[in-house]
Amino acid sequence: MTWTVNLSNSSLNSLVSSSIADGSYSYQEVLNLLNTVAVGGITLSEWTDLKTVYTNSTSLFASDYVKTITYNVVYENPANKYWWDGAKTMAGVALLGNMSGTTTQVNAERLIAKWFLGQDVPMPISGGDTATGKTSTATFDYSFATGQLFLNGAVASDVNQGALGDCYLVASMGAIANTKTSFIYNSFIDNGNGSYGVKFYVNGSTVYTTINKEIAVRSGNKIAFSGNITDDLGGELWVSLLEKAYVQLNAQSNIDQTSFENSYQAISGGLASPIKHISGINYKYYSSEFTSFSDSFDSGFYHSANANTYKKTIIDALNKGAIGWLGTWGWSKGANGKLNFISEPGKGGHAYMLLGYNSATDKFIIRNPWGGDGSSSWNPQFEASIEEFWNSSQMGLVALSDATLADPVYSYTITSNASNTANAVTEGGSVTFTITRSGSGAASTVFLSTTPGSADASDYQALTKSALSFAANETAKTVTVKTLADSLTEGVENFKLDLFKAPHGHNRRGRRHGARQGRDRSNLQLRHLVRCGKAKFGCGGGRQGHLHDHPQRHRRRVHRVSERRAWNSRCDRLPELQQGRPEFRGV
């Protein structure tokens, strides 16, 4: 790259040239580059060089995520104003600022930690108001989670709301998981070091934040906010981490909250906008009571006091794969005497997942994001006729996304640029795989893993359930596996590339769940070249297989060992209700 001669710092020039020798900036390469420059603080010439690197490398970044977080470090982002670091009061929050030619080493390291490592964790508080100085009603500490991101996929029953009035958010998360799990899977980008990039959509733009596995905990080292059914740090983590990422999003973008705080309490109360922020899909409201209200992200609002006006519209939308969300302001009990709708009169609203319609009973399937195992005073999941929530007492408000349609079944074929020994890639080079699917028309996601043969992960940069997403119009994607050079004398070796339908292994009944269905079994050959003491990598043709991107799942929950926390017994007051802006603060 000729532009590198314009870099004034020779060490930076050398590092950049080495990093882009293979034509790509990986996450780790950019992280190493920034860490090197941060030592001693950022000088004006170093900052100028970093901007030169970014400007000339926009097509070289390994992903849009890496490009975006690099920009956020080198240039600007609203979230750079503060370093929050899990402070419990504003007095503990430090000023940070965008990078400049006078940025100290401490602040340079904090910018890198914020965007590449997810270490700028939110204020672990709920209740109160930092803007007015009102004391938080609950404060928590952080602890590192040890569990896996997904266990047996993402489903609605994974959601168990905690000590925060964000039912509108976690109900959206559960509804999305129920309808199209790939939206949840595709939100996460595994950085391979205990941190994740998380993708959102705001005002037509893709927005990324980075989180680590620190989770707010209450007494007993149990998850304080939303999480798995046992609030266990060793359990499934996607709910806790996506909730945390949404808190951080609030410090980056205007998502209709009252402030740009990186604080859990700042996202308390809201509407159905997380549907669009997480999935990127438009949604509309259907209301029995409100004729309009302020939501910056919806694409339509319809009102009728008659329960039958939009009943068929709602049913048809759910049957076509719409993400369904329901808010109510009243309470009711089921036949078992437990609560179905749980809002106390005059205390505020609560949001639910609208999972589907049962034509046999002529009722809608509804799930409370409080979750639980059914042993408490509410029903985690129940059915209700439209008349039960489309009335002046419940004031039912339904949000429905555009149809997502059921995922089609595609077959996938793998080929590579090293299909035989004559085309083998020299050790230290990269093998490019082309994954082709049999059709288009709907987005789909598969997950790729390299599997050792006679060659192991010391011979190449391994992939572990790496997501590969096809847009609706795409039929082919490429993936590059970089091989590693060494001085060993080696014979013919091999490794394999596997395709999975989901980023997890087995279902709870022990059957293979996400079995390898599109494997390139023809061996990537590692050919030794005697004259230079190196080796080459090559592979044969791929084998076709079928993947169901939206498989039927059978879930069996463990029983909760204790009663649901006391703060789940009521909803917080809804002060803005009379102003025509219904928000949901149920906890």
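The sections below set out a description of the structure shown in this document.

## Considering helix H8 (residues 238-252)
- For H8, spanning 15 residues, the distance from its first C-alpha to its last is 21 Å, which sits close to the expected 21 Å at 1.5 Å a residue.
- Counting buried residues along H8, 15 of its 15 residues qualify, which places the element largely inside the surrounding structure.

## Observations regarding the pattern of salt bridges
- Within the structure shown, the criterion is met by 7 salt bridges.
- We note a salt bridge from aspartate 402 to lysine 284, for which the minimum N-O separation is 3.7 Å. With aspartate 402 in the loop between strand S19 (397-401) and strand S20 (409-416) and lysine 284 in strand S11 (residues 283-287), this residue pair connects regions lying 118 residues apart in the sequence.
- On the accessibility criterion, lysine 284 (23% relative accessible area) is partly exposed.
- Aspartate 316 serves as the salt-bridge partner of lysine 312, at 2.6 Å between the closest nitrogen and oxygen.

## Remarks on the packing of helix H2 (residues 27-38) against helix H5 (residues 105-117)
- In contact at an axis separation of 9 Å, H2 and H5 are set at 170 degrees when each is read in the N-to-C sense. One finds that H2 runs roughly antiparallel with respect to H5. Seen from above, H2 lies across H5 with left-handed handedness. Between H2 and H5, the residues in contact are Tyr27, Val30, Leu31, Leu34, Asn35 and Ala38 and Gln105, Ala108, Glu109, Ile112, Phe116 and Leu117, respectively.
- Tallied by class, residues from the contact of H2 with H5 come to 9 nonpolar, 2 polar and 1 charged.

## Observations regarding the pairing of strand S15 (residues 339-342)
- Inspection of the sheet shows strand S14 (residues 331-333) paired to S15 by 2 bridges, in the antiparallel sense. In the sheet register, tryptophan 331 faces S15, and the bridge partner there is isoleucine 342.
- Taken together, S14 and the strand that follows it, S15, pair antiparallel across an intervening segment of 5 residues, in which glycine 337 is found at a positive phi of about 85 degrees.

## Here we look at the sheet that holds strand S13 (residues 324-328)
- Spatially, the 7 strands line up as an open sheet ordered S12-S11-S19-S13-S16-S17-S18, and their pairing is mixed. Both edges of this open sheet fall to strand S12 (301-303) and strand S18 (381-384), since each of them pairs with a single strand only. Adjacent strand axes in the sheet meet at a mean angle of 30 degrees when their direction is disregarded.
- By the bridge criterion, 4 bridges tie S13 to S19 in an arrangement that is antiparallel. Paired with leucine 326 across the bridge in S19 is valine 398.
- Sheet strands in contact with helix H6 (residues 167-179) are S13 and strand S16 (350-358), and its direction is about 20 degrees off that of S16.
- Of the strands in this sheet, S11, S13, S16, strand S17 (363-367) and S19 touch helix H10 (residues 311-319), which is tilted by about 80 degrees from S16.

## Examining the packing of helix H1 (residues 10-19) against H2
- One way to put it is that H1 packs onto H2 with a least axis distance of 10 Å and a crossing angle of 175 degrees. Taken together, H1 and H2 sit at an angle that is classed as roughly antiparallel. Within the contact between the two elements, H1 uses Leu12, Leu15, Val16 and Ser19 and H2 uses Glu29, Asn32, Leu33, Thr36 and Val37.

## Some points on the sheet that holds strand S24 (residues 466-470)
- Taken in spatial order, the 3 strands of this open sheet run S24-S23-S26, and their pairing is antiparallel. In the strand order of this sheet, the two ends are held by S24 and strand S26 (495-500), each with one partner. The average undirected angle you get between the axes of adjacent strands in this sheet is 30 degrees.
- Pairing analysis gives 5 bridges linking strand S23 (residues 444-452) to S24, with the strands arranged antiparallel. Within the sheet, the bridge partner assigned to phenylalanine 447 lies in S24 and is alanine 467.

## With respect to the nonpolar core
- Formed by 72 residues in total, the largest nonpolar core has its most connected members in Ile184, Phe188, Trp238, Leu242, Tyr285 and Trp325.
- Per-element accounting of this core gives the leading share, 9 residues, to H6.
- If near-sequence neighbours (up to four positions away) are discounted, tryptophan 238 is found in contact with Leu149, Phe150, Gly153, Ala154, Val155, Asp158, Val159, Met173, Ala177, Ile184 and Phe188.
- The next biggest cluster of nonpolar side chains, apart from the first, holds 37 residues, and it includes Ile20, Val53, Tyr65 and Ala113.

## Overview of the packing of aromatic side chains
- Within the structure shown, the criterion is met by 31 aromatic pairs.
- Ring centres 5.5 Å apart and planes at 35 degrees place the aromatic pair tyrosine 27 and phenylalanine 116 in the tilted group. With tyrosine 27 in helix H2 and phenylalanine 116 in helix H5, this residue pair connects regions lying 89 residues apart in the sequence.
- With relative accessibility at 10%, the residue tyrosine 27 sits in the buried group.
- An aromatic cluster of at least three residues, connected via ring pairs, comprises Phe150, Tyr185, Phe188, Tyr196, Trp238 and Phe447.
- Geometry around tryptophan 47 places lysine 51 over its ring, the cationic atom sitting 3.5 Å from the centre.
- The positively charged end of lysine 180 is found above the aromatic ring belonging to phenylalanine 183, 5.9 Å away from the centroid.

## Side note on the environment of glycine 300
- Tracing the sequence through the fold places glycine 300 in the loop between S11 and S12.
- Judged by its relative accessible area of 13%, glycine 300 falls in the buried class.
- For the pair glycine 300 and tyrosine 283, spaced 17 residues apart in the sequence, the C-alpha separation amounts to 7.4 Å.
- What glycine 300 contacts, discounting residues up to four positions off in sequence, is Tyr283, Lys284 and Tyr285.

## Considerations on unusual backbone geometry
- Non-glycine residue asparagine 203 carries a positive phi angle of around 50 degrees.
- Structurally, asparagine 203 can be placed in the loop between strand S7 (195-202) and strand S8 (205-212).
- Here aspartate 231, not a glycine, exhibits a phi torsion of approximately 55 degrees, which is positive.
- By relative accessible area, aspartate 231 is classed as buried at 0%.

The rules we used
Counting restarts for each chain: residues are numbered from 1 in the order of the written sequence. In view of the model being predicted, local features appear only for residues whose pLDDT reaches at least 70, and side-chain atom pairs are presented and counted only at 80 or more, with totals across whole chains, interfaces and linings using the full set of residues. Calculated side-chain values reflect all of the structure's heavy atoms, with hydrogen atoms and water omitted. Labels follow the DSSP assignment, with helices taken as runs of H or I lasting at least four residues and strands as runs of E lasting at least two, numbered in each case from the N terminus. Helices are assigned an expected span. That span is 1.5 Å times one less than the residue count. To sort residues, take the accessible area from a 1.4 Å probe on protein chains only and compare it with the maximum for the residue type: under 20% means buried, over 50% means exposed, and anything in between is partly exposed. A pairing counts as a salt bridge when a side-chain nitrogen of Lys or Arg comes within 4 Å of a carboxyl oxygen of Asp or Glu. Axis lines are fitted to C-alpha atoms, over the contacting stretch for helices. Their N-to-C directions set the angle, which ranges from 0 to 180 degrees. For classification, angles of less than 35 degrees are called roughly parallel, those exceeding 145 degrees roughly antiparallel, those between 65 and 115 degrees roughly perpendicular, and all remaining angles oblique. By definition, turning the near helix anticlockwise from the far helix through less than a right angle yields a left-handed crossing, and turning it clockwise yields a right-handed one. We call two residues in contact when some of their heavy atoms are within 4.5 Å. Any residue outside Ala, Val, Leu, Ile, Met, Phe, Trp, Tyr, Cys, Pro, Asp, Glu, Lys and Arg is labelled polar, Gly included; the first ten of those are nonpolar and the last four are charged. By definition, two strands form a pair when at least two bridges between them are found by DSSP. Among the buried residues, those of types Ala, Val, Leu, Ile, Met, Phe, Trp, Tyr and Cys that are joined through side-chain atoms within 4.5 Å form a nonpolar core. When two rings of Phe, Tyr or Trp (its six-membered ring) have centres within 6.5 Å they constitute a pair, described as stacked for plane angles under 30 degrees, edge-to-face for angles over 60, and tilted for the intermediate range. Lysine and arginine charges are scored as sitting over a ring when NZ or CZ, respectively, is within 6 Å of the ring centre and within 35 degrees of the ring normal.

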